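Spelled out, the chains give:
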Amino acid sequence: MDLILDGILKAFYLLITLDPEVLGITRLSLQVSGTATLISLFIGISIGTMVALTEFAGRRLVVSLINTGMGLPPVVVGLFVTIFLWRNGPLGFLEILYTPTAMIIAQAVIASPIVMGITLAAIQALPKNLRLQILSLGATRAQMVWILVKEAKLPLLAGVMAGFGGVISEVGASIMVGGNIKGYSRVLTTATVMETSRGNFDIAIALSIILLLLAYFINLVLTHIQQRERPR
Amino acid sequence: MTVPAPLLAVRELRVQRGGFLVLDISSLTVEEGTILSLIGPNGAGKTTLLQTLACLIKPHGGELSFKGQKVTSDHGLLQYRRKLAMVFQEPLLFDTTVFQNVASGLKIRGMDHSEIENRVKQNLERFGIPHLLDRSARKISGGEAQRVALARAMAIQPEILFLDEPFASLDPPTRESLMEDLEKILRQTNTTTIFATHDRMEALRLSDRIAVMNQGRILQIGPPEEVMNQPGDEFIASFVGVETILTGRAVRKGQGTFMASIDGREVEAVGEVEIGEPVVFCIRPENVTLDVPPRRGATSARNVFPATITRIVPLGLYYKVHLDCGFPLVAYVTGHSLENLSLHEGQLVSASFKATAIHVIRKTLKP
């Protein structure tokens, strides 16, 4: 029990004294996952909306692929991003393997289908006639899409949270394509894995508490959105 | 000199769904400033027709022209859509304030802010909801929401307005007051309107012309009295009912009753109306009684008219007797009475109905 208690005490000490290494790791985590989420918003919302609003052959297959993609295993993403960025790989010339950029790419690949799937569901859940109503108000197609996205903003916000929550807590891909290099590509999850394997439970617990707080904050926002009055 | 083109005209309009023809309109024209009602049972194609006329559904065949100009999916579609407005059964308001909702069509058109504000306020005023301006559209009642939806449509100042059962999900008192306001606004603004409903009383009240639809086709189109009194076939007759519909004008007021002149005859009915106001009388055939020989002099609150039997139609248990009293009238008699009175076509009888048996529809004066 001493182990745990000591660990927690040390963890709070590190947090309260704003340990530079812990802070740096947290900052990089937020930077990498934040950027990846932002990229996934562009990809996810545009493709999700397009699939929701167009009829085409094989649409069902695409929808099922997107839904499967929402549960993409990070290790699998890590593997393929590594292969692509490998020195002899198709994108090897970029020389970005084991950099934060590679981590952003991998996390964007993980988050995009999540945002896409939620966007698809959100746009489809809008009243059937809403599109016709918007067009009858004189909207161009672009204006219609923009108004629809605005109408679906609450579930889309949930998509943002889910995407961010998915990548900030992900470890497999980050360690594979980032390499967990100290002070360069080390993030909360990869650091926790490493410190735990070394027996540095205090630092590991401190990092975990930060992760938990982030997770709690995300869920707080999500719950708040869910509990708002349902649209008619 | 050519005749000016009608505001909206379609020819050979066809829409298919799942391999079936769901809309088949050989020709339809709508003149500027008139109100056309589409009536018919659910699934008759009213909504499909409205949405096709508004170019929200692409037809599989046929052509549509607006003010004589052809509108197709790659020519003039957006310009046409910016001249129309549509209100659905559901209010379909956006998740924002009432102001922003009413402003939405104007913002889409890139109108400048002060003009938007004027138009929004004017239309909220018109529909009696200026106090809702800053409220969230999610937090108002169903009747208020439909008023906002109508204000949003009218703010555009559409050249043609499509209404798809806009009152169907409202309770009767709410519906009544909204219909009254809408009628006034449509007449004041002289807005060309096409209005789908399954309620023939709504249609009768609002429209200049009624089109009866079934299975994707227009079965009959004409002025309300014509469609109601001379239904083209059995389906139309059963849908519009076989009531006698008479139009006239109030000429004298009594104690809770009034006299209206109909085709030169005076008919007494119950209600409060203004002298000179146009009224529509609906008389159900079962409320009309026939007497032979013709009686003289009326009993209280009873309308008695000498009438000639023009036609007798057997309807199973009943006979439908068409009468000419100077205005057309329809009565039901049993087979027993028919024999007892030995009724036959061309016979002179007296027809009577109580003032209370008349359903009075007040038609708002056209400006």
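What comes next concerns the included structure. (Residues numbered from 1 in each chain as written. Chains lettered and ligands numbered in written order. Predicted model: local features only at pLDDT ≥ 70, side-chain atom pairs only at ≥ 80, totals over all residues. Heavy atoms only, no water.)

### Considering the interface of chain B and chain A
Right, on to step 1. Counting residues at the interface gives 28 residues for chain B, matched by 19 residues for chain A.
Right, on to step 2. Interface of chain B and chain A: buried area, both sides summed, is about 2000 Å²; carbon and sulfur atoms make up 55% of it.
Right, on to step 3. At the junction of chain B with chain A, the criterion picks out one salt bridge.
Right, on to step 4. Our enumeration of links across chain B and chain A arrives at seven residue pairs in polar contact (both at pLDDT 80 or more).
Right, on to step 5. Secondary-structure elements contributing two or more residues to the side of chain B that touches chain A are helix H2 (77-81), strand E6 (84-87), helix H3 (98-108) and helix H5 (142-155) of chain B.
Right, on to step 6. A class-by-class count of the residues in the side of chain B that touches chain A yields 15 nonpolar, five polar and eight charged. (Contact = heavy atoms within 4.5 Å. Buried area = accessible area lost by both parts, 1.4 Å probe. Salt bridge = Lys/Arg side-chain N within 4 Å of Asp/Glu carboxyl O. Polar contact = N/O pair within 3.5 Å; in protein donor to acceptor, adjacent residues only side chain to side chain. Helix = DSSP H or I, 4+ residues; strand = E, 2+ residues; numbered from the N terminus. Nonpolar A, V, L, I, M, F, W, Y, C, P; charged D, E, K, R; others polar.)

### Some remarks on the pattern of salt bridges
All names here are of chain B.
Right, on to step 1. One pass over the structure, following the stated rule, counts 22 salt bridges over all chains.
Right, on to step 2. For Arg14, the salt bridge is made with Asp24, and the minimal N-O distance between the two is 3.2 Å. In this pair, Arg14 sits in strand E1 (residues 8-17) while Asp24 sits in strand E2 (residues 20-30), placing the two residues ten residues apart along the sequence.
Right, on to step 3. The partly exposed category is assigned to Arg14, whose relative accessible area is 28%.
Right, on to step 4. One network of salt bridges, with partners in common, ties together Glu12, Arg14, Asp24 and Arg217. (Buried < 20%, exposed > 50% of the residue type's maximum accessible area, 1.4 Å probe, protein only.)

### Considering unusual backbone geometry
Residue and element names in this part refer to chain A.
Right, on to step 1. Of note, the phi angle at Tyr98 is positive, near 65°, even though the residue is not glycine.
Right, on to step 2. For Tyr98, the position within the fold is in the loop between helix H4 (74-85) and helix H5 (100-125).
Right, on to step 3. Overall, the relative accessible area of 35% leaves Tyr98 in the partly exposed class.
Right, on to step 4. Phi angles above zero are rare outside glycine, and Asn180 is one such case at about 50°.
Right, on to step 5. Counting through the fold element by element, Asn180 comes out in the loop between helix H9 (172-178) and helix H10 (188-198).

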